[in-house]
Amino acid sequence: MDPTHDTPPAIRLRGLRKGFATGAGRVTAVDGIDLTVGRGEIVAFLGPNGAGKTTTIDMLLGLTPPDAGTAEVLGLPPRRAVRSGRVSAVLQTGGLLRDLTVRETVQAIASLHRAGGRVAEVMERTSISGIAGRKVSKCSGGEQQRLKFALALLPDPDLLILDEPTAGMDVNARRDFWETMRQDADSGRTVLFATHYLEEAEQFAQRTVLIVRGGIVADGSTSQVRSMASGRTVSATLPALEAAGPAGDHPVLAALRGRADVRRLERSGARITATATDSDALAMALLRDFRAHDLEVSAPSLETAFVDLTRGGSAVVPAADVIAAGGAA
């Protein structure tokens, strides 16, 4: 028997709900979220501003109680999991002591976790050894983010929850950060991160969870979430448009817009770009009927899926159906 069979997942949310009273009435921030995250996964938590990401993270960390539903972290109530040192977070809120040096800050937090022996290792892993003597007040935003990351690693947690973790970091620092995350996940650490950098989710997350208006509308691998967008993109150069000049309408464009499989059509000189529900059929028609050349077919980017799904366009389907298509939540 697999000895990990009965090991609880890193995160289990069931029917999670949370609302807040405002001057205009009560607002529902999280509306019945069901989510399971297994050990060792790197999961991107995406959504537009106000979607409920931060409120969900606050409930995961025990910072605010749910109005309904349950949250378990590593099989424990969130606060107990955090108190045990098995969960760490890097949040956008929360300050550092500006008059301490970087090293003094790490040493102070290490003493709280009885992790003094990990100070040098953690500082090296997060690339802050070179600024160890610098006061926190003199550190850039990216350097302070790396310092927060170092503090989160001190207790050697099983679960890392990160809210915009690379904000303010330069390109090299972001690359090094995610290389560390990959190594941690390979060793069994679970990482859940909220980000506005869609390319980070596309490049580094094994799984993407998209939340809109307090509910999950997509959950699966990046390729699965991309496939939920409005179709593949087909680009080609058309001889008829080359001969017609750079501007104006053309019968070729009208013919393409009339196809049932073309959802969106744009022209740039002699080149057209179409979003199609059946890219193979459209590509064949362009080659056969319009003598197209330099034809390219590309899958939707995560950004395209993000825009389609968060705008409530035709790609949005009930969360249960999306989860069934994209992977169990």
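Residues numbered from 1 in each chain as written. Predicted model: local features only at pLDDT ≥ 70, side-chain atom pairs only at ≥ 80, totals over all residues. Heavy atoms only, no water.

In the annotation of an unreviewed UniProt entry, the protein is listed under the name ABC transporter ATP-binding protein and assigned to Arthrobacter halodurans. Taken verbatim from the UniProt record of the protein, the Subcellular location (unreviewed entry) comment is "Cell membrane". (UniProt positions renumbered as here; feature names shortened; annotations may be inferred.)

Colleague: Mind showing me how you'd approach the sheet that holds strand β4 (residues 68–73) here?
Modeller: In any sheet, the strands associate via hydrogen bonds between backbone groups, in a parallel or an antiparallel arrangement. Spatially, the 3 strands line up as an open sheet ordered β2-β1-β4, and their pairing is antiparallel. Of all strands in the sheet, those bounded by a partner on one side alone are β2 (25–37) and β4. When the angles between neighbouring strand axes are averaged without regard to direction, this sheet yields 30°. Across the sheet, helix α1 (residues 53–60) is in contact with β1 (11–22), β2 and β4; its angle to β1 comes to roughly 120°. (Pairing = 2+ DSSP bridges. Helix = DSSP H or I, 4+ residues; strand = E, 2+ residues; numbered from the N terminus. Axes fitted to C-alpha atoms, helices over the stretch in contact; angles between N-to-C directions. Contact = heavy atoms within 4.5 Å.)

Colleague: Got a minute to help me understand the pattern of salt bridges in this structure?
Modeller: Side chains that differ in sign of charge can pair as their charged atoms come close. Summed over all chains, the structure comprises 13 salt bridges. Two residues, Glu41 and Arg207, come together in a salt bridge whose shortest N-O distance is 3.2 Å. On the criterion of sequence distance, the pair formed by Glu41 in the loop between β2 and β3 (42–46) and Arg207 in strand β8 (residues 207–212) is long-range, its members being 166 residues apart. Taking relative accessible area as the criterion, Arg207 reaches 7% and is therefore assigned buried. One network of salt bridges, with partners in common, ties together Lys18, Arg26 and Asp67. (Salt bridge = Lys/Arg side-chain N within 4 Å of Asp/Glu carboxyl O. Buried < 20%, exposed > 50% of the residue type's maximum accessible area, 1.4 Å probe, protein only.)

Colleague: Explain the pairing of β8 to me, please; I cannot follow it from the model alone.
Modeller: The buried count for β8 comes to 6 of 6 residues, which makes it a mostly enclosed element. Residues Arg207, Val209 and Ile211 point to one face of β8 and Thr208, Leu210 and Val212 to the other, with burial holding for every one of them. Sheet topology note: the β3/β8 ladder contains 4 bridges and is parallel. Following the sheet pairing, Ala44 is matched in β8 by Thr208. One ladder, built from 5 bridges, connects β8 with strand β9 (residues 215–220); its direction is antiparallel. Counted as the bridge partner of Val209 is Asp219 from β9. The turn joining β8 and β9, which pair antiparallel and follow one another in sequence, is formed by 2 residues; a positive phi near 50° is taken by Arg213.

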